Amino acid sequence: MKPKILVTRATFDDVIAKLRERFEVEDNQKDDAPWSTEEFRRRLADKDGVLPTGSDRVDAATLDAAPRLKAVCNIAVGYNNIDLAACSERGILATNTPGVLDDTTADMTWALLMAAARRVAEAERWLRAGNWKGWKNDQFLGVDVHHATLGIIGMGRIGRAIARRAKGFSMRILYHNRRRVPKAVEKQLGAKYVSMEKLLKESDFISLNMPYSPEVHHLIGAAQLAHMKPTAVIVNAARGGIIDDAALVQALKERRIAAAGLDVFEGEPKFNPGFLEVDNVALVPHIGSATRATRTSMAMLASKNLSAALSGRRPPNLLNPEAWPKRRR
Ligand code: DGY
């Protein structure tokens, strides 16, 4: 008998077809409606594996509703939706999809950075509203990206991909990270390690690129925004909650910083309505990794992790190695 798996949200049909070769698949292809907690738990009750997205909460109570569950293989690199400790306690393997979305997410970070710097979203809204009567010297003046200083907070794979792009804009690159990266990497990227305070003070553009954890909750709040230049632009394509959104709305309203570009929000898909009242922010709905190629690679990598886990092999992207010796079989 094939192992039973659940795919919580619609993915590409060819991914589902591939999964069906090895598993009995219950999917959400037709409706793609997010399930309630109860519905999710009910569907999980007889499953051996699950492929959730970053917006499906996999907590202890959900795991308790799934006595046969052996693997939770997120179709996302972020995994703050999964209670890893609860998985480990129960011998359930958890995985994510690192590596396959770095360049795509770095591209989106740059799209937001450019849009915020050159007021692209704001100017487009104005043009669509029929306001354009003719060329003006000071119409939508923005700030220069080239030769400016970029501050990267979180110099992992995505941070590095962002830095590589910045070299093409002749930018000075500062970074801050939990641990300093190897000197050879710094040299290759032309990036200088600095304290958080120096980065906030000296950067024209700041990009956040770290996974969410309680330690980085509101890493950027009123105090940090106050350190930034009045001409600074901040971009977050990492996770909601790293920025204190209420503090950011206030700083944007009072023009204490120039602009922001946001792909992620606290409590998404809801977000602070204050963002809709300010023009100096470019907003997109968590689409950092949203290209067909990358979303396919993410789903395929998650499937590979699941196949390994359900056939007794160690999954390539295991997040909780402590669960391996006591894994459910
Ligand atoms: C990720 O992979 O974590 C992206 O945010 C998509 O959810």
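Since this is a predicted model, take the numbers as computed values, not measurements. (Residues numbered from 1 in each chain as written. Predicted model: local features only at pLDDT ≥ 70, side-chain atom pairs only at ≥ 80, totals over all residues. Heavy atoms only, no water.)

Structural notes on the site of the ligand
Thought 1: Neighbouring residues of the ligand: Ala76, Val77, Gly78, Leu101, Arg239, His286, Ser289 and Met298.
Thought 2: At 2.7 Å from an oxygen atom of the ligand is found a side-chain nitrogen or oxygen belonging to arginine 239.
Thought 3: Contact distances for the ligand include 2.6 Å between an oxygen atom and a side-chain N or O atom of histidine 286.
Thought 4: Considered on its own, the ligand offers 230 Å² of accessible surface; in the complex 84% of this is hidden by protein.
Thought 5: Partitioning the shell around the ligand into residue classes produces 4 nonpolar, 3 polar and 1 charged. (Near = heavy atom within 4 Å. Polar contact = N/O pair within 3.5 Å; in protein donor to acceptor, adjacent residues only side chain to side chain. Areas by Shrake-Rupley, 256 points an atom, 1.4 Å probe, with all protein chains shown as cover. Nonpolar A, V, L, I, M, F, W, Y, C, P; charged D, E, K, R; others polar.)

A few points about the packing of helix 5 (residues 102-117) against helix 7 (residues 157-167)
Thought 1: Between helix 5 and helix 7, the shortest axis-to-axis distance is 8 Å and the interhelical angle comes to 55 degrees. With respect to each other, helix 5 and helix 7 are oriented oblique. Like other packed secondary-structure pairs, helix 5 and helix 7 cross with a definite hand, here right-handed. Two secondary-structure elements touch here, helix 5 through Asp102, Asp103, Thr105, Ala106, Asp107, Thr109 and Trp110 and helix 7 through Arg157, Ile158, Ala161, Ile162, Arg164, Arg165 and Ala166.
Thought 2: Of the residues assigned to the contact of helix 5 with helix 7, the class counts are 6 nonpolar, 2 polar and 6 charged. (Axes fitted to C-alpha atoms, helices over the stretch in contact; angles between N-to-C directions. Helix = DSSP H or I, 4+ residues; strand = E, 2+ residues; numbered from the N terminus. Parallel < 35°, antiparallel > 145°, perpendicular 65-115°, else oblique. Left-handed = near helix turned anticlockwise from the far one by under 90°. Contact = heavy atoms within 4.5 Å.)

With respect to a nonpolar patch on the surface
Thought 1: A cluster of nonpolar side chains, Phe271, Leu276 and Leu283, forms an exposed patch at the surface whose accessible area comes to about 270 Å².
Thought 2: Positionally, phenylalanine 271 belongs in the loop between strand 11 (259-262) and strand 12 (281-283). (Patch = residues over 30% accessible without salt bridge, like charges linked within 9 Å, V, L, I, M, F, W, Y side chains within 5 Å. Salt bridge = Lys/Arg side-chain N within 4 Å of Asp/Glu carboxyl O.)

Observations concerning the pattern of salt bridges
Thought 1: Here the structure, examined in full by the defined rule, presents 30 salt bridges.
Thought 2: A salt bridge links aspartate 46 to lysine 4; the shortest N-O distance between them is 3.4 Å. One end of the pair, aspartate 46, is in the loop between helix 2 (37-44) and strand 3 (49-51); the other, lysine 4, is in strand 1 (residues 4-7), with 42 residues separating them in the sequence.
Thought 3: The partly exposed category is assigned to aspartate 46, whose relative accessible area is 29%.
Thought 4: In this structure, glutamate 21 and lysine 18 form a salt bridge, with 3.8 Å as the shortest nitrogen-oxygen distance. Here lysine 18 and glutamate 21 lie together in helix 1 (residues 13-22), a separation of 3 residues that amounts to about one turn.
Thought 5: A single salt-bridge network, built from bridges that share partners, covers Lys4, Glu26, Glu39, Arg42, Arg43, Asp46 and Lys47. (Buried < 20%, exposed > 50% of the residue type's maximum accessible area, 1.4 Å probe, protein only.)

Some points on the packing of aromatic side chains
Thought 1: For the structure on display, the rule yields 5 aromatic pairs.
Thought 2: Summarising the aromatic geometry, the rings of tyrosine 175 and tyrosine 193 are spaced 5.3 Å apart at their centres and angled 65 degrees between planes, so their arrangement reads as edge-to-face. Here the residue tyrosine 175 occupies a position in strand 7 (residues 172-176), and tyrosine 193 occupies one in strand 8 (residues 191-193), the gap between them amounting to 18 residues.
Thought 3: Where phenylalanine 265 meets phenylalanine 275, the ring centres are 6.0 Å apart and the plane angle is 65 degrees; that geometry is what we call edge-to-face. Of the two residues, phenylalanine 265 is situated in the loop between strand 11 and strand 12 and phenylalanine 275 in the loop between strand 11 and strand 12; the sequence distance between them amounts to 10 residues.
Thought 4: Taken together, Phe265, Phe271 and Phe275 form an aromatic cluster joined through their ring pairs.
Thought 5: Over the aromatic face of tryptophan 324 sits the side chain of arginine 327, whose NZ or CZ is 3.7 Å from the ring centroid. (Phe/Tyr/Trp six-rings, centres within 6.5 Å; stacked < 30°, edge-to-face > 60°. Lys NZ or Arg CZ within 6 Å of the ring centre and 35° of its normal.)

Structural notes on the packing of helix 1 against helix 12 (residues 292-310)
Thought 1: Two elements in contact, helix 1 and helix 12, have axes separated by 10 Å at closest approach and are oriented at 10 degrees. As far as their axial angle goes, helix 12 and helix 1 are roughly parallel. Facing Asp14, Val15, Lys18, Leu19 and Arg22 of helix 1, the residues of helix 12 in contact are Thr296, Ala299, Met300, Ser303 and Ser307.

Re the pairing of strand 1
Thought 1: Alternating residues of strand 1 divide into Lys4 and Leu6 and Ile5 and Val7, and every residue in both groups is buried.
Thought 2: The β-α-β motif built from strand 1, the intervening helix 1 and the parallel element strand 2 (residues 24-26) has right-handed crossover chirality. (Right-handed = clockwise from strand over helix to strand, strands pointing away.)

Quick notes on the domain arrangement of the protein chain
Thought 1: One can read the domain layout of the protein chain as domain 1 (4-100 + 291-326) and domain 2 (102-283).
Thought 2: Here the C-alpha centre of domain 2 lies 31 Å away from the C-alpha centre of domain 1.
Thought 3: Taken together, the contact between domain 1 and domain 2 spans 8 residues of the former and 5 residues of the latter.
Thought 4: Carbon and sulfur atoms supply 49% of the area that domain 1 and domain 2 bury against each other, a total of about 590 Å² over both sides.
Thought 5: Looking only at domain 1, the three residues that lose the most surface to domain 2 are Asn80, Gly99 and Thr294, adding up to 55% of its buried area.
Thought 6: The interface formed by domain 1 and domain 2 includes 0 salt bridges.
Thought 7: Counting across the interface, domain 1 meets domain 2 through 2 residue pairs in polar contact (both at pLDDT 80 or more).
Thought 8: Grouping the amino acids of the side of domain 1 that touches domain 2 by side-chain chemistry returns 3 nonpolar, 5 polar and no charged. (Domains from an automatic or database assignment. Buried area = accessible area lost by both parts, 1.4 Å probe.)

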